[in-house]
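Coordinate inspection notes
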Amino acid sequence: MIYADTPLTDAVRRAVSTTWGVSCDGGRRLYGGEESAAYLLGDHVVRVGPASRTSAESEWCHAVARHAAAHLAEAVAPVPTSGGDTVIRVDGRPISLWPYIEGDWPDSDLPEHRVQGARLLARLHAALASARPGPRPAPAFQESGLYGEPPHDAAGLADPALDRWLAEFHRSHHVRHPLHGDYYTGNTLTSDGTIVALLDWDEAFFGAPEVELAAAALEWGDDELGPSKEFVDAYLEAGGTASPLTEEELAQLVRHKLRREYAYFHKAVAAGVAHDEDDLDYFHQRVALFHDLTP
């Protein structure tokens, strides 16, 4: 796994102290973050985002987080400034402040964690169904190719049949609301076996909940061979907004997710990232799964 190598500069420390009035002593780098870097400062976390992300885009995603946090104790939202915004820019990068939540990543190999994750996603979707953040200022990475247009950044997995299927799926499924966008175990935390936090809203977007359900079923799957039916069933039993999925629907939506992973891998390579042997093995497994799940 590749993580952002973005420092916590003195300029960021001064800006955070001035804007939010928090102490900036210390600054331990927290594990994770492929594009944003997170640093622990006392009982807060400072997130330093990529220069390519606009403040408007971050504010939109944070509005989704704030709506979710008003309904779910597990949803972690950013700390607003005195003016009500949640983002400042320092040296061209978006900076935000978040409460620190102690916890560990859940283990998707444990059925109880998998079921908890599914139930939390169902409650999240129910909460976000009433959110009206307006149009997203820029498309999320996961949206490329989602509505049937061939994704330009995944030519190596070109599949006109999948493109046509995705276009038809969205013509026949009309429920849309904000989604977390990156709902996997690494963006949640557990304490004493219970999920207590849902983090990292940078990839939030407005879409069909079935898209996120399928992607999450893959990420929280009980093996590496495909999505977890147990996850989907627990989500539906908990009253999530997504409709039940046929095997073909689940497989095709998962294939969209896998194609976006393929595009992200090559985006990282183009940026100069050197993947290790484990990363390469995982990449090839996911490409093979894309083909194996073809209906």
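Provided above is the structure to which this section pertains.
Structural notes, computed from the coordinates. As the structure is a computational prediction, the values presented were derived from the model and not from experiment. (Residues numbered from 1 in each chain as written. Predicted model: local features only at pLDDT ≥ 70, side-chain atom pairs only at ≥ 80, totals over all residues. Heavy atoms only, no water.)

Considerations on the overall build of the chain
Across its full length, the chain holds eight helices and nine strands. Against the globule reference of 19 Å for 295 residues, the chain gives a C-alpha radius of gyration of 19 Å, in line with a compact fold. Projected onto its principal axes, the C-alpha coordinates of the chain cover approximately 55 × 40 × 35 Å. Looking at the chain as a whole, 52% of its 295 residues qualify as buried. Across the chain, contacts joining residues at least 24 apart in sequence account for 72% of those joining residues at least 6 apart. Surface accessibility of the chain: about 13,400 Å² in total, with carbon and sulfur atoms responsible for 53%. Charge separation in the chain, taken as the distance between the mean sites of 24 positive and 46 negative side-chain charges, equals 6 Å. (Helix = DSSP H or I, 4+ residues; strand = E, 2+ residues; numbered from the N terminus. Rg over C-alpha atoms; globule rule 2.2 N^0.38 Å. Buried < 20%, exposed > 50% of the residue type's maximum accessible area, 1.4 Å probe, protein only. Contact = heavy atoms within 4.5 Å. Areas by Shrake-Rupley, 256 points an atom, 1.4 Å probe, with all protein chains shown as cover. Lys, Arg positive; Asp, Glu negative; His and termini not counted. Charge placed at Lys NZ, Arg CZ, Asp CG, Glu CD.)

Describing the sheet that holds strand 5 (residues 93–99)
Spatially, 1-2-3-5-4 is the arrangement adopted by the five strands of the open sheet, whose pairing is antiparallel. In this open sheet, the two edge strands, each paired with only one partner strand, are strand 1 (28–29) and strand 4 (88–90). Across three bridges, the pairing between strand 4 and strand 5 is antiparallel. Its bridge partner lying in strand 5, Arg-89 is registered against Pro-94. (Pairing = 2+ DSSP bridges.)

Describing the pattern of salt bridges
Tallying each qualifying case throughout the model produces 18 salt bridges. Linking Arg-47 and Asp-200 is a salt bridge whose minimum nitrogen-to-oxygen distance equals 3.4 Å. Here the residue Arg-47 occupies a position in strand 3 (residues 44–48), and Asp-200 occupies one in the loop between strand 8 (194–198) and strand 9 (205–207), the gap between them amounting to 153 residues. A salt bridge links Glu-261 to Arg-286; the shortest N-O distance between them is 2.8 Å. Of this pair, Glu-261 sits in helix 7 (residues 247–270) while Arg-286 sits in helix 8 (residues 277–292), placing them 25 residues apart in sequence. (Salt bridge = Lys/Arg side-chain N within 4 Å of Asp/Glu carboxyl O.)

Digging into the packing of aromatic side chains
Any two aromatic rings considered together are summarised by their centre-to-centre distance and by the angle between their planes. Per the stated rule, a full pass over the model turns up six aromatic pairs. An angle of 85 degrees between the planes, with centres 5.7 Å apart, marks the rings of Phe-141 and Tyr-264 as edge-to-face. In this pair, Phe-141 sits in the loop between helix 3 (111–128) and helix 4 (160–172) while Tyr-264 sits in helix 7, placing the two residues 123 residues apart along the sequence. A relative accessible area of 21% places Phe-141 in the partly exposed class. Centroid distance Tyr-183 to Trp-220: 5.7 Å. Interplanar angle 25 degrees. Geometry classified as stacked. In this pair, Tyr-183 sits in the loop between strand 6 (177–179) and strand 7 (188–191) while Trp-220 sits in the loop between helix 5 (209–219) and helix 6 (229–237), placing the two residues 37 residues apart along the sequence. No difference in accessibility class separates Tyr-183 from Trp-220, as the two residues are buried. Among the aromatic side chains, those forming a connected cluster through ring pairs are Tyr-183, Trp-220 and Phe-231. Against the face of Phe-290 rests Arg-255, its NZ or CZ located 4.1 Å from the ring centre. The ring of Phe-141 has Arg-260 sitting right over it, with the charged end atom 4.3 Å from the ring centre. (Phe/Tyr/Trp six-rings, centres within 6.5 Å; stacked < 30°, edge-to-face > 60°. Lys NZ or Arg CZ within 6 Å of the ring centre and 35° of its normal.)

Let's talk about helix 4
Over its 13 residues, helix 4 runs 19 Å from end to end, which matches the ideal 18 Å to within 8%, given 1.5 Å per residue. Every buried residue of helix 4 is listed here: Leu-162, Asp-163, Trp-165, Leu-166, Ala-167, Phe-169 and His-170. Tucked inside the fold, the buried residues of helix 4 contact helix 5, helix 7 and helix 8. (Expected span 1.5 Å × (residues − 1).)

As for the environment of Gly-49
Within the fold, Gly-49 resides in the loop between strand 3 and helix 2 (55–69). For the pair Gly-49 and Gly-103, spaced 54 residues apart in the sequence, the C-alpha separation amounts to 22 Å. Not counting the four nearest positions on each side in its chain, Gly-49 is found in contact with Glu-35, Ser-36, Arg-93 and Pro-94.

A closer look at the pairing of strand 7
Direction of pairing for strand 7 relative to strand 8: antiparallel, over a ladder of four bridges. Across the sheet, the residue bridging to Thr-188 is Leu-198, located in strand 8. The turn joining strand 7 and strand 8, which pair antiparallel and follow one another in sequence, is formed by two residues; a positive phi near 55 degrees is taken by Asp-192.

Considering the packing of helix 2 against helix 3
Where helix 2 meets helix 3, the axes come as close as 9 Å, and the angle between the chain directions of the two elements is 105 degrees. With respect to helix 3, the element helix 2 is oriented roughly perpendicular. In contact with Val-64, His-67 and Ala-68 of helix 2, helix 3 contributes Leu-124, Ala-127 and Leu-128. For the contact of helix 2 with helix 3, the residue count by class is five nonpolar, one polar and no charged. (Axes fitted to C-alpha atoms, helices over the stretch in contact; angles between N-to-C directions. Parallel < 35°, antiparallel > 145°, perpendicular 65-115°, else oblique. Nonpolar A, V, L, I, M, F, W, Y, C, P; charged D, E, K, R; others polar.)

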